[in-house]
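# Structural description and commentary
The primary structure of each chain is shown beneath.
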Amino acid sequence: MDWLFAGLIDLPNWVIHGLVGAILGGLGGLIGGALQKVLRIPHLASVLAVVGAVTSTQVTKSVVIPRIVTASLNADLPKKGDDVTTIVRIDYDGRRYVYHYELDDSLPGVTAETMKTGLLSDLCAHWKPEFAAGRVDGADYNYRLRGEVISFTIEPTDCT
């Protein structure tokens, strides 16, 4: 199913909103039509069609678009980032990115602090415009090394 969502990444947002609105409105109408016959409530099909269409805006913003972005980001993963790092998966919920990496076992022991300190300049160069525009609240980085997870977070306050 992710291939379907990944294929929608190039569509304009208004088209995605329209598709979701049509689907939810249609489902509301179908369910309302069936219930209208059983419950004998006039106009139930129309009311549920409108409810479906109206709720589609929130569903699109909070569920569908993050799912499309996540599927697109993961379409060619896992892949090697460098000699010791493989990016396994990226999650996105609409406001925050979560990166999952695997480090080569030959890498000496590292801590979350050393990872964050070493990467902070490059990460802030990437994230600072996103933070300033209010598009992203933060990013979490999870590195698996010899079965343990080393994690740190980048927040707007880290890049001031």
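Above this text sits the structure in question.
Below or above, wherever it landed, is the structure these notes cover. Keep in mind that what you see is a predicted model, and the values were worked out from it rather than measured. (Residues numbered from 1 in each chain as written. Predicted model: local features only at pLDDT ≥ 70, side-chain atom pairs only at ≥ 80, totals over all residues. Heavy atoms only, no water.)

## A look at the side chain of Thr70
How we decide: Secondary structure elements are defined from DSSP: runs of H or I of at least 4 residues count as helices, runs of E of at least 2 residues count as strands, and each element is numbered from the N terminus. The contact criterion used is simple: two residues touch if any of their non-hydrogen atoms lie within 4.5 Å.
By secondary structure assignment, the location of Thr70 is in helix α3 (residues 44-73). Apart from residues no more than four positions distant in its own chain, Thr70 is found in contact with Ile90, Asp91 and Tyr92.

## Considering α3
The condition is simple: Every helix has an expected span of 1.5 Å times one less than the residues it contains. A residue's bend is given by the angle between axes fitted to the 7 residues ending at it and the 7 residues starting at it. Buried means the residue's accessible area, taken with a 1.4 Å probe over protein chains only, is under 20% of the maximum for its type, while exposed means over 50%, and partly exposed covers the values in between.
In this model, α3 (30 residues) spans 40 Å end to end at C-alpha, consistent with the 44 Å of a helix rising 1.5 Å per residue. Within α3, the axis deviates most sharply at Thr60, by approximately 55°. When we look at burial in α3, the residues that qualify are Leu44, Gly52, Ser56, Thr60, Val64, Ile65, Pro66, Ile68, Val69, Thr70 and Ala71.

## Re the layout of surface pockets
Condition: Points on a 1 Å grid over protein atoms alone make up a cavity when a 1.4 Å probe fits among them but cannot get out, and a pocket when they form an open set with protein on both sides within 12 Å along at least five of seven lines; lining residues each have an atom within 4 Å of a point. Grid points are joined across faces, edges and corners, and a volume is the space filled by probe spheres set on the points. Here the term charged refers only to Asp, Glu, Lys and Arg, the term nonpolar to Ala, Val, Leu, Ile, Met, Phe, Trp, Tyr, Cys and Pro, and the term polar to all other amino acids, Gly among them.
In this structure, the largest pocket encloses a volume near 180 Å³. Lining the largest pocket are 10 residues, and of these Phe5, Leu8, Val20, Ile23 and Val64 lie nearest its centre. Listed by contribution, the elements that provide at least two residues to the lining of the largest pocket are α1 (2-7) and α2 (13-39). In terms of residues, the lining of the largest pocket owes the most to one element, α2, which gives 5 residues. The residue makeup of the lining of the largest pocket, split by class, is 10 nonpolar, no polar and no charged.

## Remarks on the pattern of salt bridges
To be explicit about the condition: In what follows, salt bridge is the name for a side-chain nitrogen of Lys or Arg lying within 4 Å of a carboxyl oxygen of Asp or Glu.
This structure, assessed with the given rule, holds 7 salt bridges. Ionic pairing is found between Lys116 and Asp158, a salt bridge with its closest N-O pair at 3.2 Å. Taken as a pair, Lys116 in helix α4 (residues 112-133) and Asp158 in the segment after β5 (148-154) lie far apart in primary sequence, 42 residues in all. Classification of Asp158 as partly exposed rests on a relative accessible area of 26%. What you see here is one network of salt bridges that share partners, running through Arg96, Asp140 and Glu155.

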